[in-house]
Amino acid sequence: MARGHDRGAVERRKGSEVTTVFFVGAGPGAPDLITVRGLRLLQSARVVMYAGALVPEELLAEVPADARRVDTQHLTLEQITAEYAAARDAGLDVVRLHSGDLSIYSAVAEQVRRLNELGIGSTMVPGVPAFAAASAALGLELTVPEVNQSVVLTRLSREASKMPPRETLDNLGKAGALIVLHLATHLVDEVVRELLPNYGLDCPAAVVFQASQPDQVILRGTLGDIAQQVKDAGLKRSAVIMVGRSLAAEGFRDSHLYSCDRDRSLS
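What you are looking at is a predicted structure, and each value in this text was computed from that prediction instead of being measured.

A. Representation of the overall build of the protein. Across its full length, the protein holds nine helices and 10 strands. A buried classification covers 43% of the 267 residues belonging to the protein. Carbon together with sulfur atoms contributes 52% to the accessible area of the protein, which is approximately 14,200 Å² in total.

Structure follows, in structure tokens:
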């Protein structure tokens, strides 16, 4: 990867003593799916905090040799916060590398809350989310005209992290939107059971394991057989489950975007 730097970050540090934590989404796994902005921040970093095995080694190789590296895989939130405070006391910015994208299931919200309490600023640099990488692996657009125009990103409730009472799969599935489940591969039987009343056994389903990575696995089927496919493949983590009619849509109408009937004078 070509080396560079984030000029904005450099200028900001010259004009201010306020430490900034740059939260960077590393993407779904393939090292070249990080954004240019995220890569430049890594290449000029003085402190890098990253989530252990979830971040590609190729990205860590872009970090300057003399930068401080902190593997947060086995750290508590308090220990992570202490690292932020130490960087602030040393007058250093931090690049905090997360897998995937920051907008969902990233555990960034509680870190930002701690940073606010410490008087440390933060900036977010988005990454390619797992569901987008899974869509690319399937070679599909998830929103198909008059089939599915909504995508619901969700997960299942567990004791460690409960879902809001009304955000059940039964409630979310009533509209028939494309459902994308994270962190639920090991609960695939429960997924099928809760979606079945609204989607039916014949509804197309897919599971993508380790999207964009060398060991990527793609399973395609229906709500009636996808659970068994997951079990046969031995998948228990690092996969997204998708259920919806757009996964196998045929004979749908063309989008209005390129239609001859569209008035392009209004574009």
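After that view of the structure, there is still more to cover.
B. Representation of the layout of surface pockets within the structure. Considering only enclosed or pocket space, the largest pocket measures out at about 1,100 Å³ in volume. If you go around the largest pocket, you meet 41 residues; those closest to its centre are Leu54, Ser99, Gly100, Tyr105 and Leu183. Those elements that place two or more of their residues in the lining of the largest pocket are helix H4 (77-89), strand E4 (94-98), helix H5 (109-118), strand E8 (204-209) and strand E10 (239-243). Tallied by class, the residues present in the lining of the largest pocket amount to 21 nonpolar, 15 polar and five charged.

C. Geometry of the sheet that holds strand E7 (residues 178-181). Within the open sheet, the five strands sit side by side as E6-E7-E10-E8-E9. Their pairing is mixed. Since the sheet does not close on itself, it has two edges, and those belong to strand E6 (151-154) and strand E9 (217-222), each with one partner. Pairs of neighbouring strands in the sheet enclose a mean axial angle of 15°, with direction left out of account. Running over the sheet, helix H9 (residues 226-233) touches E8 and E9 and is turned about 155° from E9.

D. Representation of the environment of Arg96 within the structure. By the element assignment, Arg96 lies in strand E4. Here the alpha-carbon distance between Arg96 and Ala45, two residues 51 residues apart in the chain, equals 9.9 Å. Setting aside anything within four residues of it in sequence, one finds Arg96 in contact with Val21, Phe22, Phe23, Val24, Met49, Tyr50, Ala51, Thr72, Ile80, Tyr84 and Gln111. Engagement of the side chain of Arg96 in a polar contact is seen with the side chain of Thr72, the distance being 3.1 Å.

E. Spotlight on unusual backbone geometry. Positive phi, normally seen in glycine, also occurs at Ala107, with a value near 60°. Positionally, Ala107 belongs in the loop between E4 and H5. Its relative accessible area of 40% is what places Ala107 among the partly exposed residues. Even without glycine at this site, Gln210 takes up a positive phi of about 50°. What makes Gln210 buried here is its relative accessible area of 14%.

F. Molecular detail of H5. Here H5 has its buried residues at Gln111, Val112 and Leu115. Angularly, the buried residues of H5 cover 95° about the axis, an arc narrow enough to put them on a single face. With respect to the buried face of H5, the exposed residues turned more than 90 degrees away are Ala109, Arg113, Asn116 and Glu117. Here the buried face of H5 lies against strand E1 (20-25), H4, E4 and strand E5 (121-125). Phi turns positive, to about 75°, at Gly119, one or two residues after H5.

G. The nonpolar core, seen in detail. The biggest cluster of nonpolar side chains holds 26 residues, and the ones touching the most others in it are Leu181, Val191, Leu195, Val207, Ile241 and Val243. Of all the secondary-structure elements, those providing two or more residues to this core are E7, helix H8 (188-199), E8, H9 and E10. Sort the elements by how many residues they give to this core and H8 lands first, with five residues. Contacts of Val207, omitting those with residues within four sequence positions, involve Val217, Ile218, Leu219, Ile226, Val230, Leu235, Ala239, Val240 and Ile241. Ranked by size, the runner-up nonpolar core spans 18 residues in total, among them Phe22, Ile34, Val55 and Val63.

H. Local environment of the packing of H4 against H5. With their axes 10 Å apart at the nearest point, H4 and H5 run at an angle of 40° to one another. One element, H4, and the other, H5, form an angle in the oblique class. With respect to the hand of their crossing, H4 and H5 are arranged in right-handed fashion. Counting all contacts with H4, which are made through Leu77, Glu78, Ile80, Thr81, Tyr84, Ala85 and Arg88, the residues of H5 involved are Glu110, Gln111, Arg114, Leu115 and Leu118. Of the residues that constitute the contact of H4 with H5, the class distribution is six nonpolar, two polar and four charged.

What counts and what doesn't
- Residues numbered from 1 in each chain as written.
- Predicted model: local features only at pLDDT ≥ 70, side-chain atom pairs only at ≥ 80, totals over all residues.
- Heavy atoms only, no water.
- Helix = DSSP H or I, 4+ residues; strand = E, 2+ residues; numbered from the N terminus.
- Buried < 20%, exposed > 50% of the residue type's maximum accessible area, 1.4 Å probe, protein only.
- Areas by Shrake-Rupley, 256 points an atom, 1.4 Å probe, with all protein chains shown as cover.
- 1 Å grid on protein atoms, 1.4 Å probe; cavity = no way out; pocket = protein on both sides within 12 Å on 5 of 7 lines; lining within 4 Å.
- Points joined across faces, edges and corners; volume = space filled by probe spheres on them.
- Nonpolar A, V, L, I, M, F, W, Y, C, P; charged D, E, K, R; others polar.
- Pairing = 2+ DSSP bridges.
- Axes fitted to C-alpha atoms, helices over the stretch in contact; angles between N-to-C directions.
- Contact = heavy atoms within 4.5 Å.
- Polar contact = N/O pair within 3.5 Å; in protein donor to acceptor, adjacent residues only side chain to side chain.
- Arc of directions from axis to C-beta.
- Core = buried A, V, L, I, M, F, W, Y, C linked by side-chain atoms within 4.5 Å.
- Parallel < 35°, antiparallel > 145°, perpendicular 65-115°, else oblique.
- Left-handed = near helix turned anticlockwise from the far one by under 90°.

Shape descriptors only; they carry no functional weight alone.
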